[in-house]
Every structure is written in C-alpha cells, then in structure tokens.
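Chain and residue survey
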Amino acid sequence: VIYLYPTQKMNSMYKVSVNDNAPISIQFNDGAAFLNDKNANIDMQHIGHHQFSILQNNQSYNAEIISVNAEEKTLSIRVNNNIYNVNVKDRFDILLQQMGMGDTASKKANDLKAPMPGLVLKINVTEGQEIKKGDSLLILEAMKMENILKAAGDGIVKAIKVNVKDAVEKGQLLIQIQ
C-alpha cells in the first residue's frame, strides 16, 4: 500500500492522476514534497486510522483514505467531504511505461514486444495455449541478465514470432496474444 506521506525520508517520485485528470508529478526529497517540481509546503499529520490532517498555504484539510486497491494502485480519498479517486504510478510503473510495457494492470493481455534488445533464451508457451496474468511467456537475455517476460493479462497465444537464439530489437513483436 502506498501512502504519499511528505515526511518520508527516502527520495521517491510518483505520477498521480486524480479523477482521471492529467497526471501530476509528486516527488519526496528528504522530507519535502514537490508537486510538478514546485515545493508544496505541506504539513501532514497522521491523526487516526487512515485519517490525516493537512496544512498547506494556511489552509487546513481533513483527509481520510476510504479504500485502497494495491494491485491496481488506486485509492479513494475523502478530503473535506469531497471524494477523489486517485491512480498512483511509482518509478517502476513509469519505467515500464517508457519501455512500452505500461498497461500491465489490464485483464486482457496485449501482444508481447521486446522491452529492450536481447537474445531469446527460452519460449515457455505454445501457439493456442491459454495464458493467465503473470504467466512466464519468454526468457530474454539482455545486458548479461535473464529477463522473464510475463503475461500482462489473460489471453490465448495466437502466434509466436521468434525462435530460441533469435536476436531481437526493442519493440519487436515476440508473441501475438488474442
């Protein structure tokens, strides 16, 4: 569970969408919070079970976390009796999105494309095979590391477009999934 707490000491960055609006960048550096690279000047205190008191720019807010879906990284938060639906992406989600693998939360699997150049070491599925989210589809060696590429969702393997020992380029179609 991710709690965006501005007094955390470690440096971290998130992309946050509120009620499906354009995402904003939230970064924590040594206890300070920054919104879109501007110091947010937030003082937040934990006052009860999932409840917080927030002071920003001489304005007081009461916030309560209503629900959390850790798998989908979403929260429902009540702030001064208004409910907001929040979608949080951490640095790993941002990196996956930059690599073209950003929609891992969808239930239906998309085609598997190479996230980076590499060498196909092993193919763990066959054409026509039913797959579930998280199933290991292929092992790709890149930068002397074995990377297990997993199914982003449920589906059926329509076609395998590579063979073991094939060199592949970033973005190359490896497995078609329907």
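Scroll up to find the structure this text is about.
Attention here is on the structure that accompanies the text. (Residues numbered from 1 in each chain as written. Predicted model: local features only at pLDDT ≥ 70, side-chain atom pairs only at ≥ 80, totals over all residues. Heavy atoms only, no water.)

Within the structure shown, the criterion is met by 4 salt bridges. Here Asp93 makes a salt bridge to Lys73, at a shortest N to O gap of 2.9 Å. One end of the pair, Asp93, is in helix H1 (residues 91-98); the other, Lys73, is in the loop between strand E7 (59-69) and strand E8 (74-79), with 20 residues separating them in the sequence. Look at Lys73 and you get partly exposed, because its relative accessible area is 22%. With a closest N to O distance of 3.3 Å, Glu130 and Lys132 form a salt bridge. Accessibility expressed as a relative area gives 51% for Glu130, which makes it exposed. Exposure remark for Lys132: the relative accessible area of 43% places this residue in the partly exposed category. Salt bridges sharing common partners tie together Lys73, Asp90 and Asp93. (Salt bridge = Lys/Arg side-chain N within 4 Å of Asp/Glu carboxyl O. Helix = DSSP H or I, 4+ residues; strand = E, 2+ residues; numbered from the N terminus. Buried < 20%, exposed > 50% of the residue type's maximum accessible area, 1.4 Å probe, protein only.)

Here we take up the pairing of strand E13 (residues 136-142). Of all 7 residues in E13, 5 are buried; the element is thus mostly enclosed. With 4 bridges connecting them, strand E11 (residues 118-123) and E13 associate as antiparallel partners. Within the sheet, the bridge partner assigned to Val120 lies in E13 and is Leu140. As judged from the 6 bridges shared by E13 and strand E14 (residues 145-150), these two strands associate in the antiparallel manner. By the bridge assignment, Ile139 is partnered in E14 with Ile148. A loop of 2 residues connects E13 with E14, the two strands running antiparallel in sequence, and Met143 in this loop sits at a positive phi of about 50 degrees. (Pairing = 2+ DSSP bridges.)

What follows covers the sheet that holds E14. Pairing is antiparallel across the open sheet formed by 4 strands, whose spatial order is E14-E13-E11-E16. The open sheet has two free edges, formed respectively by E14 and strand E16 (167-168), since each of these has just one partner strand.

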